[in-house]
Every structure is written in structure tokens, then in C-alpha cells.
Amino acid sequence: MTTAPWRDPALPAADRVDDLLSRMTLEEKTAQLYGVWVGAATDGDGVAPLQSEMTTDYDWDELITQGLGQLTRPFGTAPVDPALGAQALARAQRRIADAGRFGIPALAHEECLAGFTAWQATAYPVPLAWGATFDPELVEEMARRIGHDLRSVGVHQGLAPVLDVVRDPRWGRVEETIGEDPYLVGTVGAAYVRGLESAGIIATLKHFAGYASSAGARNLAPVRAGVREFADVTLPPFEMALREGGARSVMAAYNDTDGVPASADPGLLTELLRERWGFTGTVVADYFGIGFLQTLHRVAGNPAQAARVALEAGIDVELPTLKCYGKPLLEAVRAGEVPESLIDRAAHRVLLQKCELGLLDEDWRPEPTGRIDLDSAANRALAGRLAEESVVLLDNPDGLLPLAPDTRIAVVGPRAADALAMLGCYSFPSHVLTHHPEVPMGVEIPTLLDSLRAELPDAKVTFAEGCGVSDPDTSGIEEAVARTAEADVCVAVLGDRAGLFGRGTSGEGCDATDLRLPGAQGELLDALVATGVPVVLVLLTGRPYALGRWDGRLGAVVQAFFPGEEGGPAVAGVLSGRVNPSGRLPVSVPRLPGGQPWTYLQPPLGLRADVSNLDPTPLYPFGHGRSYTAFTWEDFEGGPAAEVDTDGTYDVSLTVRNTGERAGAEVVQLYLHDPVASVTRPDVRLIGYQRLSLEPGASARVTFHFHTDLSAFTDRTGRRVVEPGALELRLGASSTDVRHTARLTLTGPVRVLGQDRRLLCEAEVSGEVSEEVR
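Residues numbered from 1 in each chain as written. Predicted model: local features only at pLDDT ≥ 70, side-chain atom pairs only at ≥ 80, totals over all residues. Heavy atoms only, no water.

**A closer look at the pattern of salt bridges**
The condition is simple: Criterion for a salt bridge: a side-chain nitrogen of Lys or Arg within 4 Å of a carboxyl oxygen of Asp or Glu. Where helices and strands are cited, they refer to DSSP runs of H or I of at least four residues and of E of at least two residues respectively, numbered from the N terminus. To sort residues, take the accessible area from a 1.4 Å probe on protein chains only and compare it with the maximum for the residue type: under 20% means buried, over 50% means exposed, and anything in between is partly exposed.
By the definition in use, this model includes 51 salt bridges. The partner of glutamate 565 in a salt bridge is arginine 380, and the shortest N-O contact between them spans 3.0 Å. Here glutamate 565 is found in the loop between β15 (556-561) and α21 (567-576), whereas its partner arginine 380 is found in helix α16 (residues 377-390), with 185 residues between them in sequence. The residues glutamate 565 and arginine 380 share a single accessibility class, namely buried. A salt bridge links aspartate 709 to arginine 758, with the nearest nitrogen and oxygen atoms 3.5 Å apart. Highlighted residues: aspartate 709 in the loop between β21 (699-707) and β22 (713-714) and arginine 758 in the loop between β26 (751-752) and β27 (762-767), separated in sequence by 49 residues.

**Quick notes on the sheet that holds strand β20 (residues 685-694)**
This is how it is decided: The rule for pairing is simple: two strands pair if DSSP sees at least two bridges between them. Axis geometry follows a simple rule: fit a line to the C-alpha atoms, using only the stretch in contact for helices, then measure angles between N-to-C directions, giving values from 0 to 180 degrees.
Strand order in the open sheet formed by five strands is β17-β25-β24-β19-β20, and the pairing between neighbours is mixed. Strands at the two margins of the open sheet, each flanked by one partner only, are β17 (642-645) and β20. Strand-to-strand, the axes of this sheet are offset by a mean angle of 25 degrees, without reference to chain direction. Pairing between strand β19 (residues 664-673) and β20: nine bridges, direction antiparallel. The partner of valine 667 across the bridge, within β20, is arginine 691.

**A closer look at the nonpolar core**
Here is the rule we go by: To qualify as a nonpolar core, a set must consist of buried Ala, Val, Leu, Ile, Met, Phe, Trp, Tyr and Cys residues joined through side-chain atoms within 4.5 Å. Here, two residues are considered to be in contact whenever any of their heavy atoms come within 4.5 Å of each other.
Judged by nonpolar contacts, the single largest core of 211 residues is most densely connected at Tyr192, Phe208, Tyr325, Leu525, Leu547 and Leu729. Those residues in contact with leucine 547 that sit more than four places away from it in its chain are Leu394, Leu537, Leu539, Val557, Val589, Pro590, Arg591, Leu619 and Tyr620. In this structure, Leu403, Val558, Ala560 and Val574 belong to the second largest nonpolar core, which totals 35 residues.

**Quick word on unusual backbone geometry**
For residues that are not glycine, phi is negative in most cases, and the peptide bond is trans in most cases. The omega torsion of the bond from alanine 160 to proline 161 falls at 10 degrees, within 30 degrees of zero and hence cis. Counting through the fold element by element, proline 161 comes out in the loop between β4 (157-159) and α8 (182-198). In this chain, leucine 401 is followed by proline 402 through a cis amide linkage whose omega measures 0 degrees. Within the element layout of this structure, proline 402 appears in the loop between β10 (392-395) and β11 (408-412). Although it is not a glycine, alanine 217 sits at a positive phi angle of roughly 60 degrees. Position of alanine 217 among the secondary structure elements: in the loop between β5 (202-208) and α9 (227-234).

**So, the pairing of strand β25 (residues 738-747)**
Pairing analysis gives four bridges linking β17 to β25, with the strands arranged parallel. Bridging across to β25, valine 644 finds its partner in leucine 746. Relative to β25, strand β24 (residues 725-732) runs antiparallel, the two being bridged by eight bridges. Along β25, the bridge assignment pairs alanine 726 with threonine 745. Adjacent in sequence and paired antiparallel, β24 and β25 are bridged by five residues.

**Examining the sheet that holds strand β16 (residues 631-637)**
Across a sheet, paired strands are connected by hydrogen bonds in the backbone, their directions being either parallel or antiparallel. If you walk across this open sheet you meet the four strands as β16-β18-β21-β27, and the pairing is antiparallel. Only two strands of the sheet have a single partner each, and these edge strands are β16 and β27. Ignoring strand direction, the axes of neighbouring strands in this sheet form an average angle of 25 degrees. Sheet analysis places β21 next to β27, joined by six bridges and oriented antiparallel. Residue pairing across strands places valine 702 opposite valine 765, the latter belonging to β27.

**Some points on helix α10 (residues 236-245)**
For α10, the tally of buried residues reaches eight of 10 residues, placing the bulk of the element in the interior. Within the span of α10, buried status applies to Pro236, Pro237, Phe238, Glu239, Met240, Ala241, Leu242 and Gly245. Packing partners of the buried residues in α10 comprise α8, β5, α9, β6 (249-252) and α11 (266-276). Of the residues flanking the end of α10, it is glycine 246, one or two places downstream, whose phi is positive at about 80 degrees.

**Concerning the environment of aspartate 181**
What counts is decided by this rule: Here a polar contact is taken to be a pair of N or O atoms separated by no more than 3.5 Å, where protein atoms must pair a possible hydrogen donor with a possible acceptor and residues adjacent in sequence count only if both atoms sit in side chains.
Its place among the elements puts aspartate 181 in the loop between β4 and α8. Note on aspartate 181: relative accessible area 0%, which makes it buried. Residues within four places of aspartate 181 in sequence aside, it is in contact with Val165, Tyr600, Leu601, Phe622 and Leu686. Side-chain polar atoms of aspartate 181 contact the side chain of tyrosine 600, separated by 2.5 Å.

See the structure below:
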């Protein structure tokens, strides 16, 4: 029997796909361009925006005779036993392959933002917590584990990571981001991509691009960012994740920027992404994003026009289900309104990816092999380590922490005894199980109250909720005050409840009007502080909240960003002293609930000045975090003022020594200050960092190899340039805690950079660096 060329694994993948496409009908090619969402709710509350309005009916048996591009969330739509779900997915894939002429299965995708969003799968810390670790290697290890879990049940593509840079912390999806700095977001995000892709899973970068810059921090609001902000803040993490991570898919964002929806922007999705950046993978729509071109953006008059606009822009796959790329697109092609070449272009990209995944091979098998365990002991241990590294000690002025082992502790607050306090909105329990209250959690998630009792068995621990998360009822505060008055110390556990579309205080569609603590939590904290008993504030949140009202009035402040299923023991370990806190803020913590939006990437007019009575200076700056040990920064080598060519390099180095009595981790951060430029520049911005774990008395030397490409910015003409003139390289423990400065003068002509510009500041470490210590 002669094997058709498209089935021959010895041929180049592109040649195989060319042969296959030449044999396919218009219907069969178009079928590769959409997904189907089996079991998606068509009424009531959904897990995607306007889900009930945008979901359409179809005949499954008839549909799959033409083939199928994608299967949407077979595990993330409803609770399903992982082993049974894997078998059901395999059966569905067999049906799809057997129904079509070519036997091509669908590509299955899932959400995996903070772990595989499936029942009984590990719930890792949210991305904002990844940013707090300043530890890309650990994030890469987590993503690799997530990828192996996805592969074990037959999933091919993961819809993560989120590479939006926080521009306004009132935005509900801050918890899904890695932080407010593009270098931190890019390096940590690229590490996640490397991990997921190393497991054979297609990583999907989202949301491309500008989504987090929405006006008023409102979900799906217009974006009014200028071209330089877009080029220098919004885009670099995506470029880094493609070049340094190797992502094979990109998701178009919901927003419009200056009137042009991302899903209808060929300048973004084709000219920039493919022609300038060289991307060869697939561009997928965010859920219902193509239909929204008609219903929300009104740049299309019907589904067929929306399909044409999206295809022309460069979107290859409609997700989560067919609405525009199905019958409306077919009819438009037959009517001559859409050229078939656009179908061919997108289908070639989709089939090329399937070919690379082995889905076109004759020996393809969908049945799972091996034991399926989505919450293994190794997964939980890694989730715990990531949680521990992410906890930020904001303040501990009098050394109240660690807590004495035999003290009397009043644990107070609405987040202390709720397991969901540890989870973000894209965890399965918060995302899906709220619609299935009869189903158990599926994974063990200790509360902070239970964890603290286990951590300090000799302590006398009492509890009072005090108030709810978001309601204004203050009737429980009296009991909380009474419990606190009987204690030596109060641990106030406050924060967010993750949810979707207004069903939480943090999460997709849960935007905030200001940065006050939700509900009556501020009044509760006031009452606790008024008792005179020292108060340790523990925040379990998806965004930073304004804490200036309590500045100088608290015994200690601990910040954790939805730290996952092992977050309770991690935070309790910090309170007891078992864990030495080493997290650093990936977002600034504001002093006042007004004076926002604000991130630390501000030009001079964005900083405090006498021209306004509003002071936007944060209470705790980007990069800030304290420890239970002490570090000295010695032997700085940056030299006196030096001249460097605009295409040159310069090294700065120093030695960090742990002078305390216990092991700990320090994060050395390298910032750039550009005193004079042809356009306004951020006063400082991160261009490098290195996490160092040191035993007591140990030291390590870190050297940053700075290249002038890292000083580049977008000038008035839209070129990315390195300009001659003065620069400062600042080594600091935060964006404001500068320890050493190297002053440079760049000489030579203005240099225009191309796509081969350097994106990373390499760091070299020598000395007594240990394995991660706690």
C-alpha cells in the first residue's frame, strides 16, 4: 500500500501539509479553523465573557464529518475524574478521526494559568506570586510539571502565560499578571513558556496586546496607550517569550487600541508578529473575540464580516466554539466576499502545528498511557516551595515576627478559615466548582488558621471572622475585638475572594473602583489596632491594596498573592519563622487608595512634585521585601564615570554576604536611570536581577553584563534607538533602595536597533551560593 505524502514522517512537515491541503475541500479546510466547546453552559453564569449570549448550537455528528480544529476545555468545563476524562477524550478523538476522510484528530486545549485548570489537579500560586519570587528557574520547573500533567491526559495546548504588564492595579486581572515591570514579566514569562514547551505542550501567549492598559482599569475597556508606551512597556514581554521561550501560539486580545481592535489589526498580528518578529505559529482568538468584532466593537456588521476581518488580520483559529468561522465564513467564501487563500493560509498554520505534534502520523494513538496523578507529592512540594519564595514580608519594625512558639494568638479575619482564600480565579475550585457546590474540592488546601495551629502546636490560638470579604456588615467586629483583647498578638488575615465577572473582589471582570480593602475589612483592622494588642496583618490578595492608613500602627505586614494549595503552610511558616521570607514586590503597594493608577515606571511628571497636592509615592516600592536575616553588599566594582560606545558593554559587580544567623535569600536588582533623552523616560526601570541563596556567613559575587541595547527606547519617529549621553546603572534592593551606582557616558552615534537586539542582562554568580534555603 502506498502512503500518501502527507502521511510520510520522513518528509518535511511543510511539504506534508502542502500535499494534504491540496486534497481537502473548502469545508474540510475551514473545519480546521474553529474549536468546539462540548458541555459549555448556554444560560446563567459562565466562565467566559458573555458566554450564554455567544454560544451557538451545532450537530456534533454532522460537524465532525468535515474534521475539527480544536476541542475546548474537555477537563476545564465541568468536574471530571482525570482518568475517566482522559479515556473520554481519547474516545472523542477516535470519533473525530474516524468521521473525517483524513483521520485527523482535534487539538485539545486547556487553561493552565496557575496549574492545569482541572478537577484534582495541583493549584499552584498565581502569576503575581511567580513575579514575587524573582526566580525564573523555579517557575520553569513548575510549568514543566504542568505540561507533563496536560500531556498525560491528552491535552496539546495550554492557554498561558499572561504577559500583560500591570498599568493600573484596580484592574481585576492583576492576579493573572506577573507584575508591573516588563523585564520581570518577560523573563519570568519566558521561563514559564520554556517549561511548558519542554513538555511538548504549545504555550499560548496572552493577551496580545494592550489588554491591561484599559481605560479606568475596566475589563474589556478601550486602550488609549501611546505608541511609545505600547512599544516599550506592552510588547517587550511578548517578544521575549517568543525569542527566549519559544512559544508556538499567541492569543489576540479583546481590547481596541486607539480605535483598532487587536483581533482586527493586521499591523499587530501580521506585520509586527510575523513579518518583523518572525513568528511562525498559530494565532488564536480569545474566547468569542471574533464575534465581539460585531457585537462589542461594531467594526463588522455580521458574523461573516467579523470572520473576514479577523482572517485578514491574522487570526487562524476561532475559540472557544464556532460562530463566525463556521457556516458564515463558508458562505462568504462561496459568495466571493472572502478569498479562499485566507482559509488556506490559516489552515496551513494549523495543520503544520498538528503535523509537528504527530497528529498526522499513521501511528498516532489518543489513548493515555501510564498512571494519571494530577496532584502528585512532587507537584505539591513544588507548589509549596513556590509559595514560600513568593511571600513578601513588607514590614517588621520591632521584630514581632517570627511569633513566639507558646504565645496567645487571636486569628481574625474573613480569609483565615477559608481554603479558597489561597486560590486565584483561574484555579478549578474558584473557576468551575462554584457552579457545582455538591462536588468536593478535589485537592487538599489547608487554611491559614489550620496551618498556623499545626505550625505552632504550643500556642493558644483563637479565631473570629470579624466580617465578610466584601459585604459592609460590621456586626462581627465586636467578637473579633474581644478575642484580640485576650491575646498577646493578633494575626489579621484579610484580602480578596477570587471570582469571575463581579462574583469576587479579584479576577476577570472583578475590577475595583479604588484600592481600599474590600467591604468592612478596613473598619475591622482599625478596631483591631485600637485594642493596643500588636497586630500582624496578613494579606491574601490578587492585587495590592492601599495601606497608608495603618502605616506605623502595625506590628508586621505580610503580603501573599493567592499562594495556591500549599499557601497556608507557606504563610504559617513565615509567621513561625520556619520559612525565612524572601519574596519581593512585583507591584508597588500604594499609600492612599486615590492617587492611582500608578506603577513605578514613571517619567518625571509622574513623580511627586510641588505642582500637585497629590503624592503618588507608594508606601512600599516595586522590588521591596524584608528578611529575618541581614545582608551586606560589599566590594562594588562599577568604576568611576566611564565612557562606553553606543554598541558597547559594561560590567558591574558586587559581593553579597549573609551577616545574620540564619540562611536566607537576597535579590540583587539592576535598574537603569537615563538623565536626559529625546523623549521622556521612566525615572528608573529594571534591566536585570539575580536571586542569591546564602547560608549564614556565606557570600556570593554577582556580575551583571550590561549591553547598551538594554538602554534602548522608542524615539519620536518610532525607531528603537540607543542614544549617546549619560546613564546610571543602579544596584538596589528595590526600585528606591539603591546601594551602588555606576555612571556611564555613551559615546558615538545614535544607533538604531533591529530585531536581533539583546533582550537580557546576563548575570554571572560565583561564590558560596546554596540550594534554595528556607
